[in-house]
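Topology and contacts: notes
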Amino acid sequence: MHFKQPEILYFLFLLIVPILVHLFQLRRFKKEYFTNVRFLKALSIQTRKSSEIKKWLLLATRIALLTAIILAFAQPFFESKDSKNASNEMYIILDNSFSMQVKGKKGELLKRAIQELLEETPESTNFSLLTNTDNYWNTDIKTIRSELQNLKYSATPFQIDNSIAKIKAHKSAFKKDIVIITDAVGLTSNQLKNIGTDIIPYFIVPKAEQRNNVSIDSVFIRQTLDDFYEVSINTTNFSSDFKPVPVALYNQNKLIAKTILNFKNKKETVNFTIPKESFHGFVSIEDNDLTYDNRLFFSISNIKKTNIITIGVPEKNNFLSRIYTQDEFNYTSCSLSTLDYNSIDKQDAIVLNELDEIPQALQTTLKSFVNKGGNLIVIPSEKSSVVNLNSFLKQFGATQLHSLEENEKQITKINFSHPLFSGVFESKTNNFQYPKTKKDFTITTNSSAVLNYEDQSPFLMADRIKTSSVYVFSAPLNISNSNFQQSPLIVPVFYKMALSKQNNGINAFTIGNKSSYFVPVLLSKDEILTVKNQENSFIPVQQLLSNKVQLFFDDSPDKAGNYVIYDAKKAIENISFNYPRTESNLDQVDLNILSDYKTSDSISTIFDTLQTSRSDNQIWKWFIIFALLFLVIEIAIIKFLK
């Protein structure tokens, strides 16, 4: 037993007062009996014995009464089992990712968790609240009531390790209690490694009634016809019950096509044919589960001619002029000596065709060109300086050329999964006329190969540099060294390498992925571009280049939709943003990783547990009751005991 006011116990010395009073009353006197009262002697002896008993009882009662009062003022208590953590600070981590949109027994998991926090959190409790995107430090439930009621779902996936790192960075002299409210979708054991011994976590894992879901994953142009686009939409069914799902396509919020998607496999693709013109809309499905992944917004700009220039001996460049035709390309061929360096920034793609040497000035200009979003295609020459070429390629990746070998080899393997061949082949085939080369450079690279020789060595490599691509061949393509110019592969390969995605593709960015976009517009230093739609507007980070502006999308926007890029009030480009699909699979739950942690089904249970285990057992009230009881006993003794 412990005392909050132990100094009060010094008053126990007052217990000597009733003892002294009692001893004073028990002093013995010499008694002389007169003759006329001798007959009362026997009665007096009996009365004296009764009186002594009464005095001893009163003494014991008064001592007990005074002792109980003194102990009550000293405030005795029994220390709680978990008293060492009674001063812990509380942090609540609330998962507001899209997977919390699924319904439980009492509605959507997030809304139910918020309601329970508002109802069950003691008003006197001070805590900090962390969501996927916002932090509220040292607050209470009254202060953040409005913020909780208006809390929206976040496109940022739930990462418990990030929240734990923020809490640890919030320095404090006390230990920390962390209440984590999450459905555990996507939670991994690696994310829990950051929890240290100075943190006591409690998990609340609300359960969904069902985990079925259908999502739209991506969209791409499968085929470009003379007057139409064939658009393909990839979908995934995270369910064992493959029910038909309605799919609709909207342009400018107007329905233009609709179909029924019947799932035979977990992943299915549905195709739409739309006019070959600008598109600014979305594709949607209807299901009763998660709603955030039921729409995918995308934009297709009006077709623009691709500007491309080939630098090399004009006679060797002739085969490219037959691929880059005037109806789709602004094609220019020149030699190194006649190259206009000022024209490079205006190009979308550049081909270096068998240059013996790449001057340092051209290397610097091409590096800037690639960084600004241009595609670069490098075809080596038999006389290329390996040192010169490698110093140039080193700026874009790990691809390095070595010695030129005379060894005739066939090109037999196509990487069908590479984006370069997206929409080119209807089906995979290994039965085609293999092109070959007589001489090639041995190559070391970490880049993905687009085409390979029969010995698995790379023939064509691709390096992705932000929004650009650098393609490198391992052999010269002139007709004396290779018959690749006569191969059916040459047209789709060079055609797709030259295309700028922004000019001839789908604009659909993922929120949260650091990406950039080049807008072909000339601005003064004081002018800026704005991105907005009917509901939201923001100014992205932007960099002025010579004839374009590079926009960076890091933290904005935070809401999916179709947007328009404006120069003041003039609309420049259409662009679309979508939520990441990381939360679509509701089966990404492994509760076994939480076996070493305390779990509960409600916030009220945790608060009750903490209060019970950390509250000292106050017993001073019992001593007040005892004091009153002894007072009643004393009164009874005085009144009824003779």
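Below you will find a few notes about this structure.

Rules used throughout
Residues numbered from 1 in each chain as written. Predicted model: local features only at pLDDT ≥ 70, side-chain atom pairs only at ≥ 80, totals over all residues. Heavy atoms only, no water. Helix = DSSP H or I, 4+ residues; strand = E, 2+ residues; numbered from the N terminus. Buried < 20%, exposed > 50% of the residue type's maximum accessible area, 1.4 Å probe, protein only. Contact = heavy atoms within 4.5 Å. Areas by Shrake-Rupley, 256 points an atom, 1.4 Å probe, with all protein chains shown as cover. Expected span 1.5 Å × (residues − 1). Arc of directions from axis to C-beta. Core = buried A, V, L, I, M, F, W, Y, C linked by side-chain atoms within 4.5 Å. Pairing = 2+ DSSP bridges. Axes fitted to C-alpha atoms, helices over the stretch in contact; angles between N-to-C directions. Phe/Tyr/Trp six-rings, centres within 6.5 Å; stacked < 30°, edge-to-face > 60°. Lys NZ or Arg CZ within 6 Å of the ring centre and 35° of its normal. Patch = residues over 30% accessible without salt bridge, like charges linked within 9 Å, V, L, I, M, F, W, Y side chains within 5 Å. Salt bridge = Lys/Arg side-chain N within 4 Å of Asp/Glu carboxyl O. Polar contact = N/O pair within 3.5 Å; in protein donor to acceptor, adjacent residues only side chain to side chain.

**Considerations on the overall build of the protein chain**
Within the protein chain one finds 12 helices and 36 strands. Across the 642 residues that make up the protein chain, the buried fraction comes to 45%. Of the contacts formed within the protein chain by residues at least 6 apart in sequence, a portion of 70% connects residues at least 24 apart. When the accessible surface of the protein chain is summed, it comes to about 34300 Å², and 52% of that surface belongs to carbon and sulfur atoms.

**Structural notes on helix H7 (residues 360-371)**
Between the first and last C-alpha of H7 there are 17 Å, a value that for 12 residues agrees with the 16 Å anticipated at 1.5 Å per step. Every buried residue of H7 is accounted for by Leu362, Gln363, Leu366, Phe369 and Val370. Seen along its axis, H7 keeps its buried residues to an arc of 125°; they face one direction. On its buried side, H7 packs onto strand E19 (349-355), strand E20 (375-380), helix H8 (386-393), strand E24 (458-465) and strand E25 (468-473). Positive phi appears at Gly373, one or two residues downstream of H7, with a value of about 105°.

**Here's the deal with unusual backbone geometry**
The backbone phi angle of Asn253 is positive, close to 65°, even though this residue is not glycine. Along the chain, Asn253 turns up in the loop between strand E12 (245-251) and strand E13 (254-261). One non-glycine residue, Gln456, lies in positive phi territory at about 75°. Within the secondary structure layout, Gln456 lies in the loop between strand E23 (448-453) and E24. Owing to a relative accessible area of 49%, Gln456 belongs among the partly exposed residues under this scheme.

**Examining the nonpolar core**
In terms of nonpolar packing, the biggest core is built from 53 residues, with Leu94 and Ile575 touching the most fellow members. With 6 residues, helix H3 (residues 109-120) is the largest single contributor of residues to this core. Here Ile575 is in contact with His280, Ser299, Phe509, Tyr517, Val531, Phe553, Gly561, Asn562, Tyr563 and Ile565, once residues within four sequence places are set aside. Of all hydrophobic cores here, the second largest spans 33 residues; its members include Phe319, Val351, Ile414 and Leu499.

**Notes on the sheet that holds E20**
Strand pairing in a sheet takes place through backbone hydrogen bonds and is either antiparallel or parallel in direction. Across the sheet, 9 strands lie side by side as E18-E17-E19-E20-E25-E24-E23-E21-E22; this open sheet has mixed pairing. With partners counted over all chains shown, the strands left at the sheet margins are strand E18 (329-334) and strand E22 (436-444), one partner each. Across the sheet, the mean angle from the axis of one strand to that of its neighbour is 25°, orientation sign disregarded. Examined bridge by bridge, strand E21 (residues 400-414) and E23 share 3 bridges and lie antiparallel to one another. Bridging from a neighbouring strand, Lys413 pairs with Asn452 of E23. This element, H8, spans E19, E20, E21, E22 and E25 of the sheet and lies at about 70° to E21. Across the sheet, helix H9 (residues 490-498) lies against strand E17 (306-312), E18, E19, E20, E23, E24 and E25, angled at about 140° from E20, the strand it touches most.

**Side note on the packing of aromatic side chains**
Under the counting rule described, the total for this entry stands at 28 aromatic pairs. Their ring planes at 75° and their centres at 5.5 Å tell us that Tyr453 and Phe459 sit as a pair that is edge-to-face. With a centroid separation of 5.8 Å and an interplanar angle of 90°, the aromatic rings of Phe509 and Tyr517 are classed as edge-to-face. Clustering of aromatic rings is evident, with ring pairs tying together Phe319, Tyr453, Phe459, Phe473, Phe484 and Phe494. Here the basic side chain of Lys548 rests over the ring of Phe518, its NZ or CZ set 5.5 Å away from the ring centre.

**Digging into the environment of Ile511**
Topologically, Ile511 is positioned in the loop between strand E27 (509-510) and strand E28 (515-519). In this structure Ile511 comes out as buried when scored by relative accessible area, which is 10%. C-alpha of Ile511 to C-alpha of Ala560: the two residues are 49 residues apart in sequence and 7.4 Å apart in space. Discounting chain neighbours no more than four positions away, the residues touching Ile511 are Ala155, Pro557, Asp558, Lys559, Ala560, Phe577, Asn578, Tyr579 and Pro580.

**A look at a nonpolar patch on the surface**
Judged by side-chain polarity, Phe11, Leu14, Ile16, Val17, Ile19, Leu20, Val21 and Leu23 come together as a nonpolar surface patch covering roughly 700 Å² of accessible area. Among the secondary structure elements, Ile16 is positioned in helix H1 (residues 16-25).

**Some thoughts on the sheet that holds strand E35 (residues 598-600)**
Judged by pairing direction, the sheet is mixed, and its 6 strands sit side by side in the order E7-E6-E3-E8-E9-E35 without closing on themselves. A strand with exactly one partner marks an edge of an open sheet, and here the two such strands are strand E7 (135-139) and E35. Taken pair by pair, the neighbouring strands of this sheet meet at an average axis angle of 20°, ignoring direction. When strand E9 (residues 199-204) meets E35, the two strands line up parallel, connected through 3 bridges. Directly across from Ile204, in E35, lies its bridge partner Ser600. Packed on one face of the sheet, H3 meets strand E3 (89-94) and strand E8 (176-181) and runs near 155° to E3.

**Structural notes on the side chain of Asn96**
Structurally, Asn96 is set in the loop between E3 and strand E4 (103-104). With relative accessibility at 1%, the residue Asn96 sits in the buried group. In terms of polar contacts, Asn96 uses its side chain to reach the backbone carbonyl oxygen of Lys152, at 3.0 Å. When sequence neighbours within four positions are dropped, the list of residues in contact with Asn96 reads Leu110, Thr131, Asn132, Thr133, Leu151, Lys152, Tyr153 and Ser154.

**Things to note about the pattern of salt bridges**
Going through the model one piece at a time under the given rule, you end up with 10 salt bridges. With its nearest N and O atoms 2.7 Å apart, the salt bridge here joins Glu230 to Arg222. The salt bridge involving Lys559 is made with Glu535; its shortest N-O contact spans 2.7 Å. In this pair, Lys559 sits in the loop between strand E32 (549-553) and strand E33 (561-567) while Glu535 sits in the loop between strand E29 (529-532) and strand E30 (537-538), placing the two residues 24 residues apart along the sequence. Taking relative accessible area as the criterion, Lys559 reaches 36% and is therefore assigned partly exposed.

**Side note on H8**
Of all the residues in H8, the buried ones are Asn388, Leu389, Asn390, Phe392 and Leu393. Along its buried surface, H8 packs onto E19, H7, E20, E21 and E25.

**Re the side chain of Asp183**
Relative to the assigned elements, Asp183 resides in the loop between E8 and E9. Given the relative accessible area of 2%, Asp183 is considered buried. Among the polar contacts listed, one links the side chain of Asp183 to the side chain of Ser99, at a separation of 2.8 Å. In this structure, Asp183 is in contact with Asp95, Ser99, Met100, Leu109, Val205, Pro206 and Val589, ignoring residues within four places of it in sequence.

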